[in-house]
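# What the coordinates show
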Amino acid sequence: MESTRNSRLARWFAGPKETLEDQALAVLSATLDALVVIDADGVVVEWNPSATEIFGYGRTDALGQQIADLIIPDELRNRHRAGIAHYLATGEAPVFGERVTMPAVRADGSELMVELSITPIHGQDEELFAGWLRDVTEIAEARASADRSSELLAAVLQNVSDFITIFAPDGSIRFASGGRDMGGVRALFGQDQQSWPTAVAADPNAGVASLLHPDDVDRAEAIFAAIVRGDRPATERWDMRTAEIDGVSRTFETTGENLIDHPTVQGVIFSSRDVTEERASQALIVAAETSARKAAEDQAAALREVAVLKSELLAMVSHELRTPLTAILSFAEILSSRLGAAID
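The notes below deal with the structure included here.

Reading the values: the criteria
- Residues numbered from 1 in each chain as written.
- Predicted model: local features only at pLDDT ≥ 70, side-chain atom pairs only at ≥ 80, totals over all residues.
- Heavy atoms only, no water.
- Pairing = 2+ DSSP bridges.
- Helix = DSSP H or I, 4+ residues; strand = E, 2+ residues; numbered from the N terminus.
- Axes fitted to C-alpha atoms, helices over the stretch in contact; angles between N-to-C directions.
- Contact = heavy atoms within 4.5 Å.
- Buried < 20%, exposed > 50% of the residue type's maximum accessible area, 1.4 Å probe, protein only.
- Core = buried A, V, L, I, M, F, W, Y, C linked by side-chain atoms within 4.5 Å.

### Thoughts on the sheet that holds strand E10 (residues 267-274)
Pairing in this open sheet of five strands is antiparallel, and the strands run E7-E6-E10-E9-E8 from one edge to the other. Because the sheet does not close on itself, it has two edges, and the strands there are strand E7 (173-176) and strand E8 (238-241). The average undirected angle you get between the axes of adjacent strands in this sheet is 30 degrees. In this sheet, E10 lies alongside strand E6 (residues 163-167) in antiparallel orientation, the contact comprising five bridges. Bridge pairing links Thr165 to Phe270 in E10. Where helix H10 (residues 217-229) meets the sheet, it contacts E6, E8, strand E9 (251-259) and E10, and its direction lies at approximately 135 degrees from that of E8.

Below you can see the structure in the form of structure tokens.
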């Protein structure tokens, strides 16, 4: 099979010059990229079918025309001419052999983005420049849309009231937002956003634990492991305290969701809300309610004791009153019986 291929190549190279040129032109005509060849004056000397499809000019319309007048936007034409002049004078052309993305213009005046690669062709009598151009308008628009989405997401994350963090499955920090209401990472951890992930990363064995109060570390690690396993629902909330900075610790309410399999996130995302003041207020309310409830219970106990004392007092007074009255009644009965006998 190798000998067959070699014999075909030999016959191809041994063919007449016209055949080689025809075959080369056939290949250039069939390529999906636009091929535009210009001379040192910027005049088009070659224009393949893909160039017609991309820019809208037919080959006969393009040949002999200034390339700047055909596809180069007005604001770039002087730079184009200056670049050719500089190369012819110095032999320097930084763009040669490089892929450059730039705007271009179609025959109908509409703009597009093209990826351009220029190769010099050194002839005996003149210098030519072959430009390979590819329409990348959709790609450029997709990239611009992605950039806008990234900027929007970054703006949202930096100004949202919650503090968003993403941790890799091993516990290392992959992303941290600012957190508007919390005043950013500095308010939460006492460090700026750029430095604290680096400081944590310096101790790879610390991870999440280095951010938390020592008393909350075991519970946090257990929750993190449960989220990684998929055993904890994303809606379940819990409170954690940060490590103390200058003797002060913050409390934040957090939810966590396993997005390790997500192609972009590839980690566990936490949404945390600073509830330090809220929890302090709740503690004061609970303390006040407890105090009021105890006072009410003490008052009820006192009232019950008063009621018992009242009952005991009434019983004692009743007894004391009944004792002399009994004697009087007995004496009255004696008198009544004697008086009745005397009358009879």
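### Quick word on unusual backbone geometry
For Gln266, which is not glycine, the phi torsion reads 50 degrees and is therefore positive. Topologically, Gln266 is positioned in the loop between E9 and E10. On the basis of relative accessible area, Gln266 is assigned to the partly exposed category, the value being 41%.

### Here's the deal with the nonpolar core
Residues Val36, Val44, Trp47, Phe55, Ile67, Ile71 and Leu133 are the most contacted members of the largest nonpolar core, which totals 26 residues. Counting only elements with at least two residues in this core, the list comes to strand E1 (34-39), strand E2 (44-47), helix H3 (49-55), helix H5 (67-70), helix H6 (74-90), strand E4 (111-122) and strand E5 (127-135). Per-element accounting of this core gives the leading share, four residues, to E4. Beyond its immediate sequence surroundings of up to four residues, Trp47 is in contact with Leu35, Val36, Thr52, Phe55, Tyr57, Gly58, Arg59, Ala62, Leu63, Ile67, Leu70 and Ile71. Counting residues in hydrophobic clusters, the runner-up holds 14 residues, among them Leu212, Val217, Phe252 and Phe270.

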